[in-house]
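Residue-level structure breakdown
Here is what each chain is made of, one letter per residue.
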Amino acid sequence: SMPFTAAVALLDGQLVWDSYARRIGDPTVAALMQKIEVEADAEIEALFPARFGANVRIRLSNGRTLQQRVDSPKGEADNFPTPEELEQKFDGLAGPYLGAGQGHDVLHLIRNLEHATAIDAIFP
């Protein structure tokens, strides 16, 4: 699934749950997937299971190469998302199904769960 994930992230700037429904079968994604190679990286593999990283190398059409290594991706305990990033992720996952208004209400309820007196506020 890495070629699909990488292609969508490059085209859309992100990958959210709804990306699968929108992008599977997309000919633009399929064409870009053909240009993506996945290789094992011994240095990254040696970090597992303590780290779950990746090394990405992109060769541009002008011959220039861009490279970025990430030992701990966003979401790991030592690279935890900010509250804003968590909200964006929640919106990306729940928004297509709940809509912006209801999604915001559910997020507010979750953030204030310690003050809830009954669960029916979340599951009416």
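Quick look at the structure, then. (Residues numbered from 1 in each chain as written. Predicted model: local features only at pLDDT ≥ 70, side-chain atom pairs only at ≥ 80, totals over all residues. Heavy atoms only, no water.)

Here we come to helix H1 (residues 2–12). Among the residues of H1, those classed as buried are Phe4, Ala6, Ala7 and Val8. Packed against the buried residues of H1 are helix H2 (17–23) and helix H3 (27–33). Positive backbone phi, at 80 degrees, marks Gly13, one or two positions downstream of H1. (Buried < 20%, exposed > 50% of the residue type's maximum accessible area, 1.4 Å probe, protein only. Helix = DSSP H or I, 4+ residues; strand = E, 2+ residues; numbered from the N terminus. Contact = heavy atoms within 4.5 Å.)

Let us look at the environment of Arg57. Within the fold, Arg57 resides in strand E1 (residues 54–59). The spacing of Arg57 and Val16 is 41 residues in sequence and 22 Å in space, taken between C-alpha atoms. Those residues within four positions of Arg57 in sequence are excluded, and the remaining contacts are Glu39, Thr65, Leu66 and Gln67.

Per the counting criterion, the structure on display carries three aromatic pairs. Among the aromatic side chains, those forming a connected cluster through ring pairs are Phe4, Trp17 and Tyr20. (Phe/Tyr/Trp six-rings, centres within 6.5 Å; stacked < 30°, edge-to-face > 60°.)

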